[in-house]
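# Coordinate analysis (summary)
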Amino acid sequence: TLYSTELPHELFIMLVDSRAYHGMKSMSPARFQHFGLTNLSFQIEANKAIIYEPDFDSRHYNREYIDLTRNNASTTAINYDDFDGGYSIFRVCCGPDIRRAYSLSLVKSQTRLKFTFKKDLEQNVSVITYGRFHSSFRLDKSRNVYLNQP
């Protein structure tokens, strides 16, 4: 489960070698690899909202690349070859169309990610997600989440 609070309007998903993520100096924690990913499904509630099925061996990841760069000036520096070579960042948009299609509320929409790889992973992988929300939140010292709706 990623978020059990408000549904983000945009979600970025990255995979990185866990050794790099945990500070191995010889590895970059900003090298986002695909690790032979063949399926990424993003679920909202019990609905499969977004499914990516890239084929990195055949260099068929057009949809994934276009979704990353569409309406997002901050990622236009990543070209098609970069996407396969260390900048495999998956972007999921959960805008009003998705919310309407699945009759979702803005608050309390549970989200999940599922990954399928071409073969068993040879190393541990850390999943990094970055969700962008229209509202803000705060945490108290007991880790209770309070939403400030727009």
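Structure report, in brief. Small disclaimer: the values here were computed from a predicted structure and weren't measured. (Residues numbered from 1 in each chain as written. Predicted model: local features only at pLDDT ≥ 70, side-chain atom pairs only at ≥ 80, totals over all residues. Heavy atoms only, no water.)

### Here we look at the overall build of the chain
Our working definition: Secondary structure counts use DSSP, requiring at least four H or I residues in a row for a helix and at least two E residues in a row for a strand, with both numbered from the N terminus. For every residue, the accessible area obtained with a 1.4 Å probe (protein chains only) is divided by the maximum for its type, and the residue is called buried under 20%, exposed over 50%, and partly exposed between those limits. Should any heavy atoms of two residues lie within 4.5 Å, those residues are considered in contact.
For the chain, the count of helices and strands is 4 helices and 8 strands. Secondary structure of the chain in N-to-C order comes out as β-α-β-β-α-α-β-α-β-β-β-β. The buried share of the chain, reckoned over its 150 residues, is 37%. For the chain, long-range pairs separated by at least 24 residues make up 64% of all intrachain contacts whose partners lie at least 6 apart in sequence.

### Quick word on the packing of aromatic side chains
Put simply, the test is: Note on aromatic contacts: the rings of Phe and Tyr and the six-membered ring of Trp form a pair at centre separations within 6.5 Å, being stacked when their planes are under 30 degrees apart, edge-to-face when over 60 apart, and tilted otherwise.
For the structure on display, the rule yields 10 aromatic pairs. Between the aromatic rings of phenylalanine 56 and tyrosine 61, the centroid separation amounts to 5.0 Å while the plane-to-plane angle is 25°, which identifies the pairing as stacked. The class for tyrosine 61 is buried, based on a relative accessible area of 0%. These aromatic residues form a ring-pair network of at least three members: Tyr52, Phe56, Tyr61, Tyr65, Tyr80, Phe83 and Phe90.

### A word on the sheet that holds strand β1 (residues 10–17)
Quick reminder of the rule: In this scheme, strands are said to pair when DSSP sees at least two bridges between them. Every angle, taken between N-to-C directions, lies between 0 and 180 degrees, and every axis is a line fitted to C-alpha atoms, over only the stretch in contact when it is a helix.
Strand order in this open sheet of 3 strands is β4-β1-β6, and the pairing throughout is antiparallel. On the outer flanks of this sheet lie β4 (89–93) and β6 (125–132), each paired with one strand and no other. This sheet shows a mean twist of 20° between the axes of neighbouring strands, independent of strand direction. The pairing of β1 with β6 spans 8 bridges and is antiparallel. Bridged to aspartate 17 within β6 is valine 125.

### Considering the side chain of asparagine 39
Put simply, the test is: Two N or O atoms form a polar contact when they lie within 3.5 Å of each other; inside protein one atom must be a possible hydrogen donor and the other a possible acceptor, and for residues adjacent in sequence the pair counts only when both atoms belong to side chains.
Looking at the element boundaries, asparagine 39 is found in strand β2 (residues 37–44). Using a relative accessible area of 17% as the deciding quantity, one classes asparagine 39 as buried. There is a polar contact of 3.4 Å between the side chain of asparagine 39 and the side chain of glutamate 53. Discounting chain neighbours no more than four positions away, the residues touching asparagine 39 are Ile51, Tyr52, Glu53, Pro54, Lys114, Phe115 and Thr116.

### Looking at a nonpolar patch on the surface
What counts, and what does not: Here a patch means residues that are over 30% exposed by relative accessible area and free of salt bridges, tied together within 9 Å if like-charged and within 5 Å if nonpolar (Val, Leu, Ile, Met, Phe, Trp, Tyr). Computed by Shrake-Rupley with a 1.4 Å probe, the accessible areas treat only the displayed protein chains as cover when residues are assessed. Any Lys or Arg side-chain nitrogen located within 4 Å of an Asp or Glu carboxyl oxygen qualifies as a salt bridge.
Residues Phe137, Leu139 and Val145 make up a contiguous nonpolar surface patch of about 300 Å² in total accessible area. Relative to the elements of secondary structure, phenylalanine 137 occurs in strand β7 (residues 136–139).

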